[in-house]
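Listed below are the residues making up each chain.
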Amino acid sequence: MNAPALETRGLSRRFGGLIASDNVSLKLERGARHALIGPNGAGKTTLVNLLTGTLRPSAGAVLLDGEDVTGLASHARVRRGLARTFQINQLFGNLTPAESLCLAIGERLGHGGRALVSAGQDKAVVLEATELLERFGLTDAMDQKTRRLAYGKQRLLEIALALACRPRVLLLDEPAAGVPENERADILAALAALPADVTILLIEHDMDLVFRFARRISVLVAGRLLMEGEPKQVAADPQVRAVYLGESGHD
Amino acid sequence: MLTILFDGVAYGMLLFVLACGLSVTLGLMNFVNLAHGAFAMAGGYAAAILINRYGVPFLATLPVAFAFAAFIGVALERSLYRRLYGASHLDQVLFTIGLVFMAMPIANYFLGDQPQPVRVPAFLSGRFEIAGIGVGVYRLFVIAVCGAIAGGLQAFLIGTRFGAQLRAAVDDRRVASGLGVNVDRLFAVTFAIGSGLAGLGGALAADMVGGVDPSFPVKFMVSFLIVVAIGGSNGIVGSLLGALLLGILDVAGKYYVPSIGAFIIYAVMIATLIVRPQGLFSRGGR
Amino acid sequence: MSAIAAPDRVAAHLNRGGRWRPFEIAFWLAIVALIFALPSRALLINEILLAGLFALSLDLVLGYAGIVSLGQAAFFGTGAYAAGIIATLGVAEPLIGLVLASVIAGLLGLITAPLLLRGSDLTRLMVTLGVALLLGELANRNEWITGGADGLSLAAKPVLGLFPIDFTGQRNASLYSLAVLFALFVAARRLVQSPFGLSVRALKENPLRANALGVSAARRLIAIYGIAAAYAGASGALVAQTTGLVSLDVFDFHRSADVMLMLIIGGPGYLYGGLIGAAFFIALKDGVASATPEYWEFWIGLPLVVLVLVGRERIGGFIARWARRAALLAMRGAA
């Protein structure tokens, strides 16, 4: 009953001689606001890919609500409630935001195989898409091709798409990456408004965002978990300051 | 039985010379060149015209066939092909099919649709027997020439600076250009050699396939693609083995099981593509 | 603020492809008008309609699902031979033959689709080409059922027992082809804006993200490939029934290449491209071929090379606009 929403046990991945993930064990409780930080090349992206099933681990396991999903393909994990956003936008350039969201919602409801009804006739899907468009301020842009949208809007659609999967666990891979300063507030507001029962793992470089958002932080260095704790503890930890915060202080 | 093997080897060697340019273009430039057969046709025609109209000896026409096809190749590469190196495979396919569609009527317009024979001199025709194997003199000649070319290419790739640059560029183009390799020039030279070899192959093949005619580019396109599919698109050895396998299978298949015909070859190609998309004989294919 | 409630706007946006716009109605009426206005060109019009249907099938594969196929003739040929063989077995009604032939071609599509799930454009291109060649060779070698190099001739009975579609009823043949084309076109139109159609388009646009949204790429691609194969089979069957002949060239590389050119000329990804491209291609072929029968290919090859070098989007869009205008004019002329 009280199994963690997301758990990894001794997750490891090697690429030839390189160990990109080294025995990573994480536990996220339901509704957690957990951040994963670490310098460039620490293996954050590899870890995300292991969690989503894009990569297979060399050893270890991934558990969703206590259930082992290590052997499942990524789309099957999505159906079990694990969704993600991408560090670099992965959108459908020639689809509109409305179409993209209806696709995501329809897939979740198992309507994706319907071939003889127009997508707009699915009332439940349309209502939910409308609601998401409004929540992310995309209503006015809903009928424009995604590739024509401003970058900040695309970033919001990136999150909205993941949320359309109604995830129980959501991986946010650097949601603020590349967003100009004046559009950052929109992203922060969107993150703050995420449903409370959704378990969130935030992978982020922007320390300001991390410390505002996260209630727990794990630090990844060279594929290995260096420490885990509350933001205050992490910020005060000399080791972390040395390898990570200290480094970013130089630039 | 061995006679068939011999004929198959000869045909395979010929296919190698015809197709190796294609596999290099694919490996080096990631360019799908369905018009490769047009260069073979150009070489075949060059030889046929020199022999039939001007009485040039057969052996002397071979270098001309090479040079002519290489010249056309480099001219097209510099003017048109290079614009599409970054384009999608679909665009490359469309472009090169367009070239084939243009090349065939051009050949037809200037040279007519009748096959132009490339007559082989007396000292290369005829056959003899060794230990019960019927050996066609011309086929022996083809094997010798193509074998020499394969060996020469391999030595060239391994032993020269240009070869080293080429191999580096096939492995990783960006790294190679970062190391100061003039990739642009490398492409042009490689394309010229590949087209030239196709031209030479066209001249050599003409006698064995009943002359050169305007449908040559399409007739052999499929064979070329099969060689590349089976052999993989990197390395001389892969292409050579692929070509030999195809040659032997084709000749033996037509002899022993004519009722299935080319079926075997297509099936082998599809199976190869499914099991090893990188080619049966490629290095480091996953 | 618009007075319409937001969900209705979203629904309207998603359903927008379902509205019949004036130029579309004009387009189809113009074809009917042409069939009646030019009885002497009925054969040519029929050829265009069926090539258009074939190109429509490739549009589903290439334009919507993004699978580069150089072997769509595999299904065209299967449909043609299936229709021919069914007719020689004594099934008189062409419609039954048509449906059976499409189903057979569609099944073949479903069977061969898994071969295309892995691999690059290049692998797919060669596998599709290989399948078509293989089937061609099968047809060539199994003379007992296909007639081998001599081909297979069939005498199609009247459609529904009423409308003869052989050489005595060329106009009927065109109308029969048009009716089938229109029905399949309407179905395709539905298909591409359905949830299924959205997912196929999404897979083409960004397979990584589509997967992350829970779309199972394999099933969707196999399904769309099978549907497209059935469409190609229908066009092959109609060619067999309306010309009364099936020969080995139904599997030719040329046929696969030509249909790709038609689609590219008209522009992939909006369903009308294949029809417009087919009209353009066949009219050009017909026009040039009567002037210089041996060299018509040159006049296909040259524009194609230019098209790719200049950029397909630009010219393709131009032709589409031009065709739209021509359709409107033709409509006014007919009225």
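About the criteria used
- Residues numbered from 1 in each chain as written.
- Chains lettered and ligands numbered in written order.
- Predicted model: local features only at pLDDT ≥ 70, side-chain atom pairs only at ≥ 80, totals over all residues.
- Heavy atoms only, no water.
- Salt bridge = Lys/Arg side-chain N within 4 Å of Asp/Glu carboxyl O.
- Helix = DSSP H or I, 4+ residues; strand = E, 2+ residues; numbered from the N terminus.
- Buried < 20%, exposed > 50% of the residue type's maximum accessible area, 1.4 Å probe, protein only.
- Contact = heavy atoms within 4.5 Å.
- Buried area = accessible area lost by both parts, 1.4 Å probe.
- Polar contact = N/O pair within 3.5 Å; in protein donor to acceptor, adjacent residues only side chain to side chain.
- Nonpolar A, V, L, I, M, F, W, Y, C, P; charged D, E, K, R; others polar.
- Pairing = 2+ DSSP bridges.
- Axes fitted to C-alpha atoms, helices over the stretch in contact; angles between N-to-C directions.
- 1 Å grid on protein atoms, 1.4 Å probe; cavity = no way out; pocket = protein on both sides within 12 Å on 5 of 7 lines; lining within 4 Å.
- Points joined across faces, edges and corners; volume = space filled by probe spheres on them.
- Parallel < 35°, antiparallel > 145°, perpendicular 65-115°, else oblique.
- Left-handed = near helix turned anticlockwise from the far one by under 90°.

**Student:** How would you explain the pattern of salt bridges if you had to name every residue and give the values?
**Tutor:** Scanning the entire structure with this criterion turns up 28 salt bridges over all chains. With a closest N to O distance of 3.3 Å, Arg 212 of chain A and Asp 208 of chain A form a salt bridge. On the criterion of helical spacing, the pair formed by Arg 212 of chain A and Asp 208 of chain A is a turn pair, its members being four residues apart in helix H7 (residues 207–213). Classification of Arg 212 of chain A by relative accessible area gives exposed; the value is 58%. Here Asp 208 of chain A falls in the partly exposed class, since its relative accessible area comes to 47%. A salt bridge links Asp 184 of chain B to Arg 78 of chain B; its shortest N-O distance comes to 3.4 Å. In this pair, Asp 184 of chain B sits in helix H8 (residues 183–206) while Arg 78 of chain B sits in helix H3 (residues 58–79), placing the two residues 106 residues apart along the sequence. Of the residues examined, Asp 184 of chain B reaches a relative accessible area of 34% and is grouped as partly exposed. Judged by relative accessible area, Arg 78 of chain B falls into the partly exposed class, the value being 29%.

**Student:** Could you give me a rundown of the interface of chain C and chain A, with the residues and numbers involved?
**Tutor:** Facing 31 residues of chain C, the contacting portion of chain A comprises 42 residues. Each partner contributes to the roughly 3400 Å² buried at the junction of chain C and chain A, and carbon and sulfur atoms together form 62% of this total. The tally of links between chain C and chain A comes to four salt bridges. When the shortest N-O distance is used, the salt bridge between Arg 201 of chain C and Glu 99 of chain A registers 3.7 Å. The tally of links from chain C across to chain A stands at 21 residue pairs in polar contact (both at pLDDT 80 or more). Of all the elements in the fold, those that place two or more residues in the side of chain C that touches chain A are helix H1 (6–14), helix H8 (170–192), helix H9 (195–205) and helix H10 (207–212) of chain C. Each residue belonging to the side of chain C that touches chain A can be placed in one class, and the counts come to 15 nonpolar, nine polar and seven charged.

**Student:** If you had to explain the sheet that holds strand E7 (residues 169–173) of chain A to someone new, which residues and values would you point to?
**Tutor:** Residue and element names in this part refer to chain A. With mixed pairing, the six strands of this open sheet are ordered in space as E6-E7-E8-E3-E9-E10. Among the strands making up the open sheet, the edge pair consists of strand E6 (82–84) and strand E10 (224–229). Ignoring which end each strand starts from, the neighbouring axes of this sheet average 20° apart. One ladder, built from five bridges, connects E7 with strand E8 (residues 199–203); its direction is parallel. By the bridge assignment for E8, Asp 173 is matched with Ile 203.

**Student:** So what's going on with the layout of surface pockets? Residues and values would help.
**Tutor:** All names here are of chain B. Its boundaries defined by the atoms lining it, the second largest pocket holds a volume of some 1100 Å³. Taken together, 39 residues make up the lining of the second largest pocket; nearest its centre are Val 218, Lys 219, Phe 220, Val 222 and Tyr 266. Here the element with the most residues in the lining of the second largest pocket is helix H9 (residues 216–231); it accounts for six residues. Considered class by class, the residues forming the lining of the second largest pocket number 23 nonpolar, six polar and 10 charged.

**Student:** I'd like a rundown of the packing of helix H2 (residues 36–54) of chain B against H3 of chain B, residues and numbers included.
**Tutor:** Residue and element names in this part refer to chain B. Packing of H2 against H3 brings their axes to within 8 Å, and their N-to-C directions diverge by 140°. One finds that H2 runs oblique with respect to H3. You can see that H2 and H3 cross each other, and the crossing is right-handed. From H2, Phe 39, Ala 42, Gly 43, Ala 46, Ala 47, Leu 50 and Ile 51 reach across to H3, where they touch Phe 58, Thr 61, Val 64, Ala 65, Phe 68, Ala 69, Ile 72, Gly 73 and Leu 76.

**Student:** Would you mind going over unusual backbone geometry in detail, with residue names and values included?
**Tutor:** Across the chain, the bulk of peptide bonds are trans and the bulk of non-glycine residues have phi less than zero. Residue and element names in this part refer to chain A. Unlike most non-glycine residues, Asp 65 shows phi in positive territory, near 50°. Looking at where Asp 65 falls in the secondary structure, it is placed in the loop between strand E4 (59–64) and strand E5 (67–68). Accessibility expressed as a relative area gives 26% for Asp 65, which makes it partly exposed.

**Student:** Pulling in residues and values, what's your account of the sheet that holds strand E2 (residues 18–28) of chain A?
**Tutor:** In a beta sheet, neighbouring strands pair by backbone hydrogen bonds and run either parallel or antiparallel. Residue and element names in this part refer to chain A. In spatial order, the strands read E2-E1-E4-E5; together these four strands make up an open sheet with antiparallel pairing. The two strands at the open ends of the sheet, each matched to only one other strand, are E2 and E5. Here E4 runs beside E5; their pairing, made up of two bridges, is antiparallel. Residue pairing for E5: Leu 64 is matched across the bridge by Glu 67. Running over the sheet, helix H1 (residues 44–52) touches strand E1 (6–15), E2 and E4 and is turned about 120° from E1.

**Student:** Tell me what's going on with empty space enclosed by the protein, and back it up with residues and numbers.
**Tutor:** Residues and elements named next belong to chain B. Summed over all chains, the structure comprises six cavities of 30 Å³ or more. Estimated volume of the largest cavity: approximately 140 Å³. In terms of lining, the largest cavity is formed by 13 residues, of which the most central are Val 24, Leu 153, Leu 166, Thr 190 and Ile 193. Among the secondary structure elements, those contributing two or more residues to the lining of the largest cavity are helix H1 (2–29), helix H5 (137–159), helix H6 (161–171) and H8. Sorting elements by how many residues they give to the lining of the largest cavity places H8 first, with four residues. Broken down by class, the residue content of the lining of the largest cavity amounts to 10 nonpolar, three polar and no charged.

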